[in-house]
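# A closer look at the structure
Residue-level listing of the chains:
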Amino acid sequence: MGKVTLVFAVLLGIALGIFMYYFPSVGEKGFMVVFSFSILNIIVYWLFNTQFLGKDNVALFFMALNFVKDIIWAAGILYFVEEDKPLKYLALFTFFAASIPLYTAVVSKINK
């Protein structure tokens, strides 16, 4: 695990802890928001390593796969959280905080 990944994982954990402290009634939904995006990022990274790495246009394949994953996740989360503003803010923070380590890991693999 790289330093960037560790820093953003800690930030995400802290944000989830603060969220669950201030909004205990929707804490389980908040956990599912963070957990679902993290699992999907792990799946995308695994597919990148096993299927795309070493092929031509590897960055294009990764971006297409990640874009489709992001659209599906965002649509599902927006349907899931309904009108709950704190959950929408947590989803937005999760999207940014969990995407940066994925991009850094993939770019460093592509550049090697």
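The structure we're discussing is the one just above.
All values derive from a computational prediction rather than experimental measurement. (Residues numbered from 1 in each chain as written. Predicted model: local features only at pLDDT ≥ 70, side-chain atom pairs only at ≥ 80, totals over all residues. Heavy atoms only, no water.)

This brings us to the packing of aromatic side chains. On inspection of all chains with the given rule, the structure shows 11 aromatic pairs. Seen in terms of ring centroids, W73 and F95 are 6.5 Å apart; in terms of plane orientation they differ by 15°. Their pairing is stacked. Highlighted residues: W73 in helix α3 (residues 58-81) and F95 in helix α4 (residues 85-111), separated in sequence by 22 residues. For W73, a relative accessible area of 7% puts it in the buried group. Classification of F95 by relative accessible area gives partly exposed; the value is 25%. Aromatic rings pair up to connect F37, W73, F95 and F96 into one cluster. A cation over an aromatic ring shows up here: K29 above the ring of F80, its NZ or CZ 5.7 Å from the ring centre. (Phe/Tyr/Trp six-rings, centres within 6.5 Å; stacked < 30°, edge-to-face > 60°. Helix = DSSP H or I, 4+ residues; strand = E, 2+ residues; numbered from the N terminus. Buried < 20%, exposed > 50% of the residue type's maximum accessible area, 1.4 Å probe, protein only. Lys NZ or Arg CZ within 6 Å of the ring centre and 35° of its normal.)

Below, the discussion takes up the nonpolar core. Grouped together as the largest cluster of nonpolar side chains are 15 residues, with contacts concentrated most on V33, W73, I77, L87 and L90. Every element with two or more residues in this core is listed here: α1 (3-22), α2 (27-52), α3 and α4. Tallying contributions element by element places α4 first for this core, with 5 residues. Filtering out sequence-adjacent residues up to four positions away, W73 remains in contact with V33, S36, F37, L40, A91 and F95. Listed in part, the 7 residues of the second largest apolar core include V44, F52, V58 and L102. (Core = buried A, V, L, I, M, F, W, Y, C linked by side-chain atoms within 4.5 Å. Contact = heavy atoms within 4.5 Å.)

Where α2 contacts α3, the two axes come as close as 11 Å, and the packing angle between them is 160°. The orientation of α2 with respect to α3, classified from their angle, is roughly antiparallel. The handedness of the crossing between α2 and α3 comes out as right-handed. Here K29, M32, V33, S36, F37, L40, N41, V44, L47, F48 and F52 of α2 lie close against α3, whose contacting residues are V58, F61, F62, L65, N66, K69, D70, W73, I77, F80 and V81. Residue classes in the contact of α2 with α3 are distributed as 16 nonpolar, 3 polar and 3 charged. (Axes fitted to C-alpha atoms, helices over the stretch in contact; angles between N-to-C directions. Parallel < 35°, antiparallel > 145°, perpendicular 65-115°, else oblique. Left-handed = near helix turned anticlockwise from the far one by under 90°. Nonpolar A, V, L, I, M, F, W, Y, C, P; charged D, E, K, R; others polar.)

A word on the environment of W46. Following the sequence through the fold, W46 ends up in helix α2. Judged by relative accessible area, which is 51%, W46 ranks as exposed. Along the chain, W46 and G13 lie 33 residues apart, while their C-alpha atoms are 22 Å from each other.

Before going further, it helps to examine the pattern of salt bridges. Two side chains carrying opposite charge are able to pair once their charged atoms lie near each other. A complete count under the given rule lists 1 salt bridge for this structure. Here K69 and D70 are joined by a salt bridge, their closest N and O atoms 2.9 Å apart. Here K69 falls in the buried class, since its relative accessible area comes to 7%. (Salt bridge = Lys/Arg side-chain N within 4 Å of Asp/Glu carboxyl O.)

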